[in-house]
Amino acid sequence: MGFYSGTVQVAVIFLVILNLIEVYGGIPTTLEGPFKPVTVPLDKSFRGHAIDLPDTDPRLQRSVTGFEPEQISVSLSSTHDSIWISWITGQFQIGDNIKPLDPKTVASFVHYGKLRFPMIHKATGYSLVYSQMYPFEGLQNYTSGIIHHVRLTGLEPNTLYYYRCGDPSLPSLSDIYSFKTMPVSGPRRYPSRIAVVGDLGLTYNSSSTINHLTSNKPDLVLLVGDLSYANLYLTNGTSSDCYSCSFPDTPVHETYQPRWDYWGRFLQPLVSKVPIMMVQGNHEIELQAENRTFASYSSRYAFPYKESGSSSPFYYSFNAGGIHFVVLGGYAAYSITADQYKWLQKDLACVNREVTPWLVATWHPPWYSSYTAHYREAECMKVAMEDLLYRYGVDIVFNGHVHAYERSNRVYNYTLDPCGPVYITIGDGGNREKMAITHADEPGKCPEPSTTPDEFMGGFCAYNFTSGPAAGKFCWDQQPEYSAYRESSFGHGILEVKNETHALWTWHRNQDMYNKVGDQIYIVRQPKRCPIELKNVNDKMKKYTWNKIAFIDSSGEALDFGELGTADPMSGVNPLPPYKGAVVAPGGGSVALVAGVVPGTDVPPGATDPPAVLENCKIQGIRM
């Protein structure tokens with residue numbers, strides 16, 4: 001009996017080992033971390049072709065006539081059942097005496113359906129024109145073609161749709177394109193591959209990056225800031241790798257806006273069928289007359305900020321199957337009193353980790369980078385927001401800005417922490433500013449602290465470390481322990497979420513063959529070891545006596561009220577208290593809980609009525 005029992009135990013152990021080999025295939029996992037820091041030596045023979053594609057490249061040229069659509073792109077709304085289609089009609093103008101096109105002259109229509117013919121659905125949207133104006137003699141002004149945005153709703157999950165866009169009355173319709181919707185949110189439903197790239201630009205190396213990325217057949221593209229690099233040009237089309245070095249005497253930082261049009265044409269073969277989600281970068285600031293910024297970025301592409309309860313396209317959220325993405329603005333106010341911070345509180349409080357187990361955050365300037373370039377530049381943003389992201393259990397953070405690749409161990413507050421996020425800097429898309437190659441821990445490469453604050457946001461928060469191996473210093477003397485892997489090469493990454501606890505991250509270098517791996521690891525969530533610090537609805541309710549519930553539609557209008565302890569079968573409200581189960585707002589709107597505080601009870605500091613963290617919480621995300 002003992003022999004039989006021992007044999008069974010050995011067999012079970014063997015099967016477990018085989019299963020682990022099958023699951024991981026010898027690929028390391030974050031469960032084995034923290035890892036000893038690795039720096040891949042710079043391959044000095046490879047610097048890539050970080051030279052801009054010329055205006056004459058066929059991929060950048062206008063290939064349509066009249067008001068036919070061009071620069072077509074697809075982007076996600078906040079949930080799987082909605083998609084944005086964007087495009088441009090008409091030609092841009094650049095010069096001294098320019099007159100903007102009239103958006104009302106061309107309608108915004110999308111015909112779509114699950115069959116190429118007939119396309120039985122039709123949607124309309126809105127259009128606009130933006131200008132880049134400079135109040136200085138000799139500088140050329142710019143006005144765009146007519147930019148169209150149409151939101152398609154009522155879509156089925158994980159489904160291929162065909163579409164044509166344009167104005168059928170002119171006629172000026174596009175060719176037929178297609179896109180595939182995201183899976184419905186759930187713990188076992190994920191897009192197959194999500195491509196992540198940053199600081200792309202429009203160079204020969206950018207072209208290599210997009211070719212490699214496309215070969216991996218992504219279902220979604222996340223571009224973590226710095227898109228066209230039009231601001232490396234003067235308005236006359238003269239360019240430089242370093243604007244401030246070559247043009248120190250210009251009265252304002254100029255841009256050559258046609259590079260945005262070239263960039264849109266260059267990317268259309270990919271993003272007309274694969275949704276792309278954008279993050280604001282510093283190269284999108286593009287200051288112009290009357291201190292206006294981000295005009296091109298915020299006009300050319302659609303962002304699901306209104307659908308996700310945000311007031312700005314610089315920060316928003318969306319779901320891709322069982323992943324909740326939070327896009328933050330590194331160049332928008334982020335202090336605890338700012339709208340962005342308050343929105344982030346609300347959004348995180350609404351995430352249901354049983355529906356979207358994975359929580360991924362992204363913004364442009366990194367918090368954890370050991371390169372000299374932009375070292376600790378975003379420290380004030382880190383000081384303001386890191387604790388909030390940690391408490392809500394963010395799993396992965398994607399950044400750009402530094403033109404190299406770096407993956408961290410799990411870290412929080414510069415300390416190794418098994419419950420901290422994995423930070424991945426992937427600003428190596430191939431732009432003409434070339435790669436970052438020096439590290440702040442190399443002798444003589446630690447920047448002067450006073451030079452580190454971001455010029456646009458201002459503020460200074462990067463002081464010497466007060467604890468740990470670098471205590472009393474501004475930089476480490478060796479590769480920081482939080483830095484697991486770093487390498488100066490151009491490339492892109494692919495995220496493949498396998499289930500509610502395991503995601504495979506792969507980084508591909510441009511100089512390698514398409515199927516070769518530069519860095520690869522399974523990122524493993526441990527919800528039992530790292531429980532989310534509460535802040536859910538039930539805990540908030542303990543501090544209040546709830547007397548009413550108001551249904552709020554997408555326009556902010558109250559639709560109905562329910563008294564405490566009553567149930568309205570039409571609205572789906574469960575009796576209160578206890579407040580359990582799902583709350584369904586009519587028309588799929590939002591809900592606001594109206595609180596009445598019991599006299600004599602302590603109200604939490606900063607609490608509002610209703611609590612700000614619950615106001616306008618999207619129903620699909622509430623966990624009761």
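Residues numbered from 1 in each chain as written. Predicted model: local features only at pLDDT ≥ 70, side-chain atom pairs only at ≥ 80, totals over all residues. Heavy atoms only, no water.

The chain appears in an unreviewed UniProt entry as Purple acid phosphatase from Forsythia ovata. Per UniProt, the chain has the following entry under Sequence similarities (unreviewed entry): "Belongs to the metallophosphoesterase superfamily. Purple acid phosphatase family." (UniProt positions renumbered as here; feature names shortened; annotations may be inferred.)

**Some points on the state of the cysteines**
Applying the stated criterion to the full structure yields four disulfides. There is a disulfide in this structure between C242 and C245, and the S-S distance comes to 2.1 Å. Torsion about the S-S bond of the C242 and C245 cystine: about 60°, corresponding to right-handed handedness. Assessed through its relative accessible area of 28%, C242 is described here as partly exposed. The class for C245 is exposed, based on a relative accessible area of 56%. C446 shares a disulfide with C475; S-S distance 2.0 Å. Given an S-S torsion of about 80°, the disulfide between C446 and C475 has right-handed geometry. In this pair, C446 sits in the loop between strand 24 (422–426) and strand 25 (483–487) while C475 sits in the loop between strand 24 and strand 25, placing the two residues 29 residues apart along the sequence. The exposure class of C446 is partly exposed, given its relative accessible area of 35%. (Disulfide = S-S within 2.5 Å. Buried < 20%, exposed > 50% of the residue type's maximum accessible area, 1.4 Å probe, protein only. Helix = DSSP H or I, 4+ residues; strand = E, 2+ residues; numbered from the N terminus.)

**Thoughts on the pattern of salt bridges**
What the rule picks out here adds up to 23 salt bridges. With a closest N to O distance of 3.6 Å, R62 and E70 form a salt bridge. For R62, a relative accessible area of 22% gives the class partly exposed. On the basis of relative accessible area, E70 is assigned to the buried category, the value being 6%. A salt bridge links K114 to E156; the shortest N-O distance between them is 2.9 Å. Note that K114 is positioned in the loop between strand 5 (109–113) and strand 6 (121–124) and E156 in the loop between strand 10 (146–152) and strand 11 (160–167), a separation of 42 residues in sequence. The exposure class assigned to K114 is partly exposed, which follows from its relative accessible area of 43%. Ionic contacts of the salt-bridge type, sharing partners, join the residues D52, D55, D241, R259, R432 and K434 into one network. (Salt bridge = Lys/Arg side-chain N within 4 Å of Asp/Glu carboxyl O.)

**Things to note about the layout of surface pockets**
The computed volume of the second largest pocket comes to approximately 910 Å³. In this structure, the second largest pocket is lined by 27 residues; those nearest its centre are H253, N282, H283, E433 and E455. Its residues assigned to classes, the lining of the second largest pocket shows 11 nonpolar, nine polar and seven charged. (1 Å grid on protein atoms, 1.4 Å probe; cavity = no way out; pocket = protein on both sides within 12 Å on 5 of 7 lines; lining within 4 Å. Points joined across faces, edges and corners; volume = space filled by probe spheres on them. Nonpolar A, V, L, I, M, F, W, Y, C, P; charged D, E, K, R; others polar.)

**Observations regarding helix 2 (residues 204–215)**
Given a rise of 1.5 Å per residue, 12 residues ought to cover 16 Å, and the 17 Å separating the end C-alpha atoms of helix 2 matches this to within 8%. Listed in full, the buried residues belonging to helix 2 are N205, S206, S207, T209, I210, H212 and L213. Tucked inside the fold, the buried residues of helix 2 contact strand 14 (194–197), strand 15 (220–223), helix 4 (258–271), strand 26 (491–497) and strand 27 (502–509). At the C-terminal side of helix 2, K217 shows a positive phi close to 50°. (Expected span 1.5 Å × (residues − 1). Contact = heavy atoms within 4.5 Å.)

**Overview of the packing of helix 6 (residues 339–349) against helix 7 (residues 379–391)**
One way to put it is that helix 6 packs onto helix 7 with a least axis distance of 11 Å and a crossing angle of 5°. The angle between helix 6 and helix 7 places the two elements in the roughly parallel class. On helix 7, the residues that touch Q340, Y341, L344, Q345 and L348 of helix 6 are A384, M385, L388 and L389. Of the residues contributing to the contact of helix 6 with helix 7, the split by class is seven nonpolar, two polar and no charged. (Axes fitted to C-alpha atoms, helices over the stretch in contact; angles between N-to-C directions. Parallel < 35°, antiparallel > 145°, perpendicular 65-115°, else oblique.)

**Topic: the nonpolar core**
Grouped together as the largest cluster of nonpolar side chains are 127 residues, with contacts concentrated most on F398 and W505. A total of seven residues in this core trace back to one element, the largest contributor, which is helix 4. (Core = buried A, V, L, I, M, F, W, Y, C linked by side-chain atoms within 4.5 Å.)

**Examining the side chain of N319**
Mapped onto the secondary structure, N319 falls in strand 17 (residues 316–320). Here N319 falls in the buried class, since its relative accessible area comes to 4%. A distance of 3.4 Å separates polar atoms of two side chains, one belonging to N319 and the other to S185. Engagement of the side chain of N319 in a polar contact is seen with the side chain of H324, the distance being 2.6 Å. (Polar contact = N/O pair within 3.5 Å; in protein donor to acceptor, adjacent residues only side chain to side chain.)

**Describing the sheet that holds strand 27**
Taken in spatial order, the six strands make up an open sheet running 16-15-14-26-27-28, and their pairing is mixed. Sheet topology places strand 16 (276–278) and strand 28 (519–524) at the edges, where each strand pairs with a single neighbour. Across this sheet, the average inter-strand angle for adjacent strands is 20°, counted without regard to direction. Across the sheet, helix 2 touches strand 14, strand 15, strand 26 and strand 27, and the angle it forms with strand 26 is around 20°. (Pairing = 2+ DSSP bridges.)

**Structural notes on the packing of aromatic side chains**
Within the structure shown, the criterion is met by 36 aromatic pairs. Considering the side-chain rings of Y368 and Y423, the 4.7 Å spacing of their centres and the 50° angle between planes classify their relative orientation as tilted. Taken together, the residues span a long stretch of sequence, with Y368 in the loop between strand 19 (358–362) and helix 7 and Y423 in strand 24 at a distance of 55 residues. Linked through ring pairs, F294, Y297, F303, F314, Y316, F318, F325, Y331 and F456 together constitute an aromatic cluster. Over the ring of F465 we find R376, and its NZ or CZ is 4.3 Å from the ring centre. It is R525 that lies over the ring of W358; its NZ or CZ is 5.8 Å from the centre. (Phe/Tyr/Trp six-rings, centres within 6.5 Å; stacked < 30°, edge-to-face > 60°. Lys NZ or Arg CZ within 6 Å of the ring centre and 35° of its normal.)

**Quick notes on the packing of helix 2 against helix 4**
The description of two packed helices rests on the angle between their axes and on the distance between the axes. For the pair helix 2 and helix 4, interaxial distance at closest approach is 11 Å and the crossing angle is 10°. Classified by the angle between their axes, helix 2 and helix 4 sit roughly parallel to one another. Mapping the contact onto sequence places S206, S207, I210, L213 and T214 in helix 2 and F266, L267 and L270 in helix 4. In terms of residue class, the contact of helix 2 with helix 4 is made up of five nonpolar, three polar and no charged.

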